[in-house]
Amino acid sequence: MAGRQEEANPADSLKLLASRCEDVPPAVTRLPYLAAPLVAVAYMSEGWGVLRPPTSVEQEAMALGLRTLHRASDRVEFRILDAVDINQEKAGVIRVRGADATVHGPGSSLGTGGAVSHALSRIVHALREQQEVFPAS
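This report concerns the structure included in the present document. Please read these numbers as outputs of a predicted model, since none were measured by experiment.

**Some words on the overall build of the chain**
Of the regular secondary structure elements, the chain holds four helices and four strands. Looking at the chain residue by residue over its 137 residues, the buried ones come to 31%. Taking contacts inside the chain between residues at least 6 apart in sequence as the whole, the part at least 24 apart equals 64%. Surface summary for the chain: the accessible area is close to 9,000 Å², and the carbon and sulfur share equals 57%.

**Section: helix α4 (residues 115-128)**
Helix length check: α4 (14 residues) gives 20 Å between terminal C-alpha atoms against 20 Å at 1.5 Å per residue, within 8%. Where burial is concerned, most of α4 is hidden: eleven out of the 14 residues are buried. Turning to α4, its buried residues number three or more, namely V116, S117, A119, L120, S121, R122, I123, V124, H125, A126 and R128. Phi turns positive, to about 60°, at Q130, one or two residues after α4.

**A few points about the packing of aromatic side chains**
For any two aromatic rings, the description comes down to two numbers: the centre-to-centre distance and the angle of the planes. What the rule picks out here adds up to zero aromatic pairs. One cation-aromatic arrangement involves R75 over W48; the distance from NZ or CZ to the ring centre is 4.8 Å.

**Considering the pattern of salt bridges**
Tallied over the full model, the rule gives nine salt bridges. In this structure, K15 and D12 form a salt bridge, with 3.3 Å as the shortest nitrogen-oxygen distance. Of this pair, K15 and D12 both sit in helix α2 (residues 10-19), three residues apart, roughly one helical turn. Residue D12 pairs with R67 through a salt bridge whose shortest N-O separation is 2.9 Å. Residue D12 is located in helix α2, and its partner R67 is located in the loop between α3 (56-63) and β2 (76-85); the two are separated by 55 residues in the primary sequence. On the basis of relative accessible area, R67 is assigned to the partly exposed category, the value being 24%. What emerges from the salt-bridge pattern is a single network uniting D12, K15 and R67.

**Focus: the sheet that holds strand β4 (residues 102-104)**
Strand order in this open sheet of four strands is β1-β2-β3-β4, and the pairing throughout is antiparallel. Looking along the sheet, the strands with just one partner apiece sit at the ends: β1 (40-49) and β4. Along the sheet, successive strands turn relative to each other by an average axial angle of 15°, direction set aside. Sheet topology note: the strand β3 (residues 90-96)/β4 ladder contains three bridges and is antiparallel. Looking at the pairing, I94 lines up with T102 of β4. Across the sheet, α4 touches β1, β2 and β3, and the angle it forms with β2 is around 25°.

Criteria and cut-off values
- Residues numbered from 1 in each chain as written.
- Predicted model: local features only at pLDDT ≥ 70, side-chain atom pairs only at ≥ 80, totals over all residues.
- Heavy atoms only, no water.
- Helix = DSSP H or I, 4+ residues; strand = E, 2+ residues; numbered from the N terminus.
- Buried < 20%, exposed > 50% of the residue type's maximum accessible area, 1.4 Å probe, protein only.
- Contact = heavy atoms within 4.5 Å.
- Areas by Shrake-Rupley, 256 points an atom, 1.4 Å probe, with all protein chains shown as cover.
- Expected span 1.5 Å × (residues − 1).
- Phe/Tyr/Trp six-rings, centres within 6.5 Å; stacked < 30°, edge-to-face > 60°.
- Lys NZ or Arg CZ within 6 Å of the ring centre and 35° of its normal.
- Salt bridge = Lys/Arg side-chain N within 4 Å of Asp/Glu carboxyl O.
- Pairing = 2+ DSSP bridges.
- Axes fitted to C-alpha atoms, helices over the stretch in contact; angles between N-to-C directions.

Here is the structure:
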């Protein structure tokens, strides 16, 4: 069905693009940033979330890939920036409306293991290895 939220969500488009890329190998040889034509890729998004553990119904919906937190009465607006560099170092920023931003960097487990971060890892690795990422027009 055209026009559904799941089909129009930019994060889903990012994951689809990444699905065309190979998995990142477990060990990546570090490259110097200075010599690289591309150093990192980043993705910023806005959305709704809750500042509590999700309910069992919300967990079931998330397991099915459904988005329901925007309907929660206690929802909060947030902004997230995820970034991955050519050496697979991950970093980002999470900001809940009305609160200070939380920065996470290499070695932090905050916000670096989700589907968007995984997609960015695949895309930046493919670009680093000069593999085709974007479909020809």
